Amino acid sequence: QAQLVESGGGLVQPGGSLSLSCANPGRTLSDYSRGWFRQAPGKERELVGYISWRGTATYYADSVKGRFFISKDNAKNTVFLQMNNLKYEDTAVYYCAAESSGLGSKWSEDYAYWGQGTQVTVSS
């Protein structure tokens with residue numbers, strides 16, 4: 001039913017790694033860029049990063065740069081978020097979203113379609 005479906009969340013120890021997936025089962029969002037956002041309890045939703053769809057250009061927020069990596073498989077219509085060296089402050093609900101220009105955007109308002117989110121909890 002949802003346009004985008006996230007999976008792969010769970011509990012991980014600090015310093016550990018986790019990989020999230022974002023699928024578009026209906027294949028209705030061709031050429032849309034894919035963004036990853038997150039929202040921690042009591043905090044504003046924030047951009048994690050994004051990837052263009054036709055190309056391979058990526059953007060990462062400073063807070064995750066060098067630790068998180070976004071990739072995609074156009075044939076499978078799926079985008080991934082590889083999270084490494086996880087920290088307590090990475091705990092949040094992670095959302096995948098799609099933006100129509102295909103180029104990506106830093107602004108959540110530009111993303112028209114969203115997944116339901118998947119919980120990532122970093123705890124010792």
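By convention here, each chain's residues receive numbers from 1 onward along its written sequence. Local features are withheld for residues below a pLDDT of 70 in this predicted model, meaning they are given only at 70 or higher, and side-chain atom pairs are given and counted only at 80 or more; totals for whole chains, interfaces and linings count all residues. With hydrogens and water set aside, each side-chain value is computed from the structure's full complement of heavy atoms.

In this analysis, rings of Phe, Tyr and Trp, with Trp reduced to its six-membered ring, are considered paired at centre separations within 6.5 Å, and the interplanar angle assigns stacked below 30 degrees, edge-to-face beyond 60, and tilted for intermediate values. Applying the stated criterion across every chain, the model contains seven aromatic pairs. Ring geometry for Phe37 versus Trp114: centroids 4.9 Å apart, planes at 45°, classification tilted. Of this pair, Phe37 sits in strand E4 (residues 33-39) while Trp114 sits in strand E10 (residues 111-114); the two residues are 77 residues apart in sequence, bridging distant segments of the chain. When a residue's accessible area, from a 1.4 Å probe over protein chains only, is under 20% of the maximum for its type it is buried; when over 50% it is exposed; and in between it is partly exposed. Classification of Phe37 as buried rests on a relative accessible area of 1%. Ring-over charges, as used throughout, are those where CZ of Arg or NZ of Lys falls within 6 Å of the ring centre and within 35 degrees of the ring normal. Taking NZ or CZ as reference, Arg34 lies 4.1 Å from the ring centre of Trp53, over its face. Here the basic side chain of Lys72 rests over the ring of Trp53, its NZ or CZ set 5.2 Å away from the ring centre. Under the DSSP-based scheme used, a helix requires at least four consecutive residues in state H or I and a strand at least two consecutive residues in state E, with every element numbered from the N terminus.

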